[in-house]
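Each chain, written out:
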Amino acid sequence: MRLERLARVFPYPITTESRRRKLQRFLDLPQLTIALIWLPLLAYWLTTYCSVGQTLSVAIDRTQWGCINLFTIALIWEKRAIPLKRVFVTQIRKQ
């Protein structure tokens, strides 16, 4: 979702540009890290919606943009990929 679209629906009686700046400052907070926010949320979601013994699908992908390599592991849930881990790869070894 784009930040501008989110700012338009944000319920503050200020201009859209001010809402966008407020949201940007909020998202830049050092407390909003993957380890502190995303991983506990993912653990809660898995324990709530997945039963023990249920088969889960995982996708592994490497994407290259010029000299940037991004390695992603994602959980597949209802035709959506939920990222579990992303790593920037500096050099890929050929075997």
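For the structure itself, look to the data block above.
Residues numbered from 1 in each chain as written. Predicted model: local features only at pLDDT ≥ 70, side-chain atom pairs only at ≥ 80, totals over all residues. Heavy atoms only, no water.

### Things to note about the pattern of salt bridges
- Within this structure, the stated rule accounts for two salt bridges.
- Arg20 is paired through a salt bridge with Glu17; the nearest N and O atoms lie 2.6 Å apart. With Arg20 and Glu17 both in helix 2 (residues 16-27) and three residues apart, the pair spans about one turn of that helix.
- Residue classification places Arg20 among the partly exposed residues on the basis of a relative accessible area of 22%.
- The residue Glu17 makes a salt bridge to Arg21 at a minimum N-O spacing of 3.8 Å. Linking Glu17 with Arg21, this pair stays in helix 2, spanning four residues, or about one helical turn.
- Among the residues examined, Arg21 registers a relative accessible area of 38% and is labelled partly exposed.
- Here the salt bridges do not stand alone but share partners, grouping Glu17, Arg20 and Arg21 into one network. (Salt bridge = Lys/Arg side-chain N within 4 Å of Asp/Glu carboxyl O. Helix = DSSP H or I, 4+ residues; strand = E, 2+ residues; numbered from the N terminus. Buried < 20%, exposed > 50% of the residue type's maximum accessible area, 1.4 Å probe, protein only.)

### Some thoughts on the sheet that holds strand 2 (residues 68-77)
- Reading across from one edge, 1-2-3 is the order of the three strands in this open sheet, with antiparallel pairing throughout. The sheet terminates laterally at strand 1 (57-65) and strand 3 (80-89), the two strands that pair on one side only. The average angle at which neighbouring strand axes cross in this sheet is 25°, direction not considered.
- In this structure, strand 1 lies alongside strand 2, joined through nine bridges in antiparallel fashion. Residue pairing across strands places Ala59 opposite Ala74, the latter belonging to strand 2.
- Along the sheet, helix 3 (residues 34-49) contacts strand 2 and strand 3; its crossing angle with strand 3, the most-contacted strand, is approximately 145°. (Pairing = 2+ DSSP bridges. Axes fitted to C-alpha atoms, helices over the stretch in contact; angles between N-to-C directions. Contact = heavy atoms within 4.5 Å.)

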